[in-house]
Every structure is written in C-alpha cells, then in structure tokens.
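Commentary on secondary and tertiary structure
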Amino acid sequence: MINWKEIPDGDQWELFTRDFLSELGFVIEIGPGRGPDAGRDLLVSEQLKGRVQSKKFSWLVSCKHFAGSEKAVGPEQETNITDRLKHHSAKGFLGIYSTMPSTSLINRLQEYLDRGDIEAYEIFDAKKIEGHFAAAGMSKLALRYFPVSYGRLRPIQQILGTKIDLLCDVCGADILARSVLGPARANIVWECNIKEAPRYRNVFVACKGDCDSRVQDRFNRKDQITSWEELNDLFNPVLFMKNMLTYMNLLRRDPKQFSDSAHDRMKEIYLALAQRTLREVTDEDMERFKSLRMLDDLSI
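Below, the structure is looked at part by part. Note that the structure is predicted; figures quoted are calculated from it, not measured.

Taking strand neighbours across the sheet as the criterion, the 3 strands line up as E7-E6-E8 in an open arrangement whose pairing is antiparallel. At either end of the open sheet lies a strand with only one pairing partner, and these are strand E7 (200-207) and strand E8 (224-230). Strand-to-strand twist of the sheet, defined as the mean angle between neighbouring strand axes without regard to direction, takes the value 25 degrees. Two strands pair when backbone bridges link them, and strand E6 (residues 186-193) and E7 are joined in this way by 7 bridges, in the antiparallel orientation. Paired with Asn187 across the two strands is Ala206, which belongs to E7. On top of the sheet, helix H8 (residues 210-219) reaches E6, E7 and E8; it is set at about 160 degrees to E7, its chief contact.

What follows is the structure, encoded as structure tokens:
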C-alpha cells in the first residue's frame, strides 16, 4: 500500500518518525539531529494513567530504514540496547522500522523484558505503521512523506479536524478503517414501516453476514421490513453525491417519512463517509457510476 522507498534516506526516516509519533500523541523530548547520538535517534515520552495517578514513561527510539535492501533489522543492527537505555534514562525501547524485525531481535528484547533489564519494548514495522495510517486518519502525514502512495491510498481525511468513526452497530468494527485496506464489507440498513409514518424509523450500519442478518431479522416482521444499500459504493465520490442528493429529494418530497433519529443517523453516516469520498474522481469510479446508472435506466 505504501512505498517506503519514497523516503530517500535515514535522515528523512527520522523526521518521519518524529512526526508519526507526534501524531500518535507521544511527546518529543529530544528530536532527530546529525552527529553522535549515543545510540538514540529520538527520545519520546507518554503519560501512563492509572486509577489513582499517572506517571511519565520515556522511550528510547531507534529508527532503521532498510526499505531499499528490504532486509530485516537484527541484533547486529541493534546493539547495546540496555546500555543505551541507561545512558538516556529511558525505560522502554521503541523501534520504528521500514521493514520488519528479525526473530532473533524479538527474542533478545523479550529476554531483556523477562529479566527486568527493560520495562517495555514495542516495534512499529512497515505493516503496523500502515495500519495506523488507515485507522488514525493521518492523511496530511501521508501526503507529506509519501505523495505517490497517497494518490493510491485514498486515506481518511480529517475534514473537521478529527476522525469521525463509522462503526458497525452490532459488533463495533471500524468500517471506515477497513475500507482503506480493502472492501468495506458492510451495509446501511433502514427499518421501514409500511403502514405508519414516519416510514423510516431507524438506520443501522452493519457488517455483511451475521451482523447484517441480525439487524434485518430484528425488523422483518408484521408491518415492518428492511431495505439496505452496500456501503462500499458510497466510497465512490460520484455515487456518494448521487445518494446524498437522492436523500435530499426524499426529504423535500415528504419530510415526515424519516424519524428524527433516522435523520440524525444519516447525517452522521454522510459526515463519516465524506472523509473517504471527498477526493478526485478516478476512471474506475466513473465506470462504476455509469454501470449503475444504466441499471437505473432499465428499472421500471
């Protein structure tokens, strides 16, 4: 998904690491710089909160950018870890790698942890960093360091300054984050009453399969039915606009057919979807729009 080779060298990787950890909420105590660093690329901290009090926890950060060679980071690259932590008064080791750690390095870190030589360790490898790009809405960071990959990524845009979640109402799965990595695999489901107003009483977001079935089974009884629409189509900007305009036309024709709760839920869904759809239209999007429009023309 992300071409890590877009970052040309280790210096830029350290700058990316600084900005990435800052986005995750870490405090940058000592940033990257050229010259001797005594085995420390960055020093960051976070506040660990307990039930009664919180405490500051410092991490020694080691950056390794091997995307060019695609080799794993091993103990031969990460030497004297415990001495480095003591020198910088850090309690945990944090590796930020553009490839992945070797099994031998993970085993060594686990040995340090088991013996009490370090209090914690964490490795952000390429896949784990990608996951945060998808889930946390780091579109600006992706654009700054990975402009080519950004065009393919179609990331979550924090339009209102923070990410608006779109979760399955049954299992709580993050549909928005899942849509960045692959198909959304979810539906919008409307509860419809065929005899009384308002006709549309509730709106749900549900993963396809068991979650969707549970929602529809709940309302498929006398005088009530369900209708649904595939969420994946609404990440297409043209179809998103078509759907929203259709909804506006329904409201114009008969505002009373939607309950207040259904209308509020639709607004939440549109705001969440907008974070993925407000982008340039691709040829693939336009072809999908044309194919569905042809089906509309054939319907009676």
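So, about a nonpolar patch on the surface. On the surface, a cluster of nonpolar side chains totalling about 390 Å² of accessible area is made up of Ile159, Leu160, Leu271 and Leu278. Among the secondary structure elements, Ile159 is positioned in the loop between helix H6 (147-153) and helix H7 (175-181). Residue Ile159 is classed as partly exposed on the basis of its relative accessible area, which comes to 43%.

What follows covers the side chain of Asp212. Locating Asp212 in the fold gives a position in helix H8. Notably, Asp212 is buried but unbridged: the nearest opposite-charge side chain belongs to Lys208, and the N-O separation is 8.8 Å. Here the side chain of Asp212 touches Gln216 through a polar contact of 2.9 Å, side chain to side chain. Sequence-distant contacts of Asp212, that is, excluding residues within four places in its chain, are made with Asn187, Val189, Ala206 and Cys207.

Its boundaries defined by the atoms lining it, the largest pocket holds a volume of some 450 Å³. Looking at the largest pocket, it is lined by 21 residues, and the ones nearest its centre are Trp190, Glu229, Lys242, Asn243 and Thr246. Of all the elements in the fold, those that place two or more residues in the lining of the largest pocket are E8, helix H9 (237-253), helix H10 (260-277) and helix H11 (283-298). For the lining of the largest pocket, the element with the most residues is H9, which contributes 6 residues.

Once that is clear, we can look at the nonpolar core. Soluble globular proteins: nonpolar side chains tend toward being buried together. Grouped together as the largest cluster of nonpolar side chains are 34 residues, with contacts concentrated most on Leu166, Ile175, Leu231, Ile269 and Leu273. Counting only elements with at least two residues in this core, the list comes to H7, E6, E7, H8, H9 and H10. It is H10 that contributes the most residues to this core, 7 residues altogether. Leave out the neighbours within four places in its chain, and Ile269 touches Leu166, Ile188, Val203 and Val205. Among the nonpolar cores identified, the runner-up in size contains 28 residues, and Trp13, Trp59, Ile129 and Tyr145 belong to it.

This part is about unusual backbone geometry. Cis rather than trans, the peptide bond between Ala197 and Pro198 has omega equal to -5 degrees. Along the chain, the position of Pro198 falls in the loop between E6 and E7. The phi angle at Glu70 is positive, at roughly 60 degrees, despite the residue not being glycine. Relative to the assigned elements, Glu70 resides in the loop between strand E3 (54-64) and helix H2 (81-87). Even without being a glycine, Ser89 presents a positive backbone phi close to 55 degrees. With respect to the helices, strands and loops of the structure, Ser89 is situated in the loop between H2 and strand E4 (92-97).

Thresholds applied
Residues numbered from 1 in each chain as written. Predicted model: local features only at pLDDT ≥ 70, side-chain atom pairs only at ≥ 80, totals over all residues. Heavy atoms only, no water. Pairing = 2+ DSSP bridges. Helix = DSSP H or I, 4+ residues; strand = E, 2+ residues; numbered from the N terminus. Axes fitted to C-alpha atoms, helices over the stretch in contact; angles between N-to-C directions. Contact = heavy atoms within 4.5 Å. Patch = residues over 30% accessible without salt bridge, like charges linked within 9 Å, V, L, I, M, F, W, Y side chains within 5 Å. Areas by Shrake-Rupley, 256 points an atom, 1.4 Å probe, with all protein chains shown as cover. Salt bridge = Lys/Arg side-chain N within 4 Å of Asp/Glu carboxyl O. Buried < 20%, exposed > 50% of the residue type's maximum accessible area, 1.4 Å probe, protein only. Lys, Arg positive; Asp, Glu negative; His and termini not counted. Polar contact = N/O pair within 3.5 Å; in protein donor to acceptor, adjacent residues only side chain to side chain. 1 Å grid on protein atoms, 1.4 Å probe; cavity = no way out; pocket = protein on both sides within 12 Å on 5 of 7 lines; lining within 4 Å. Points joined across faces, edges and corners; volume = space filled by probe spheres on them. Core = buried A, V, L, I, M, F, W, Y, C linked by side-chain atoms within 4.5 Å.

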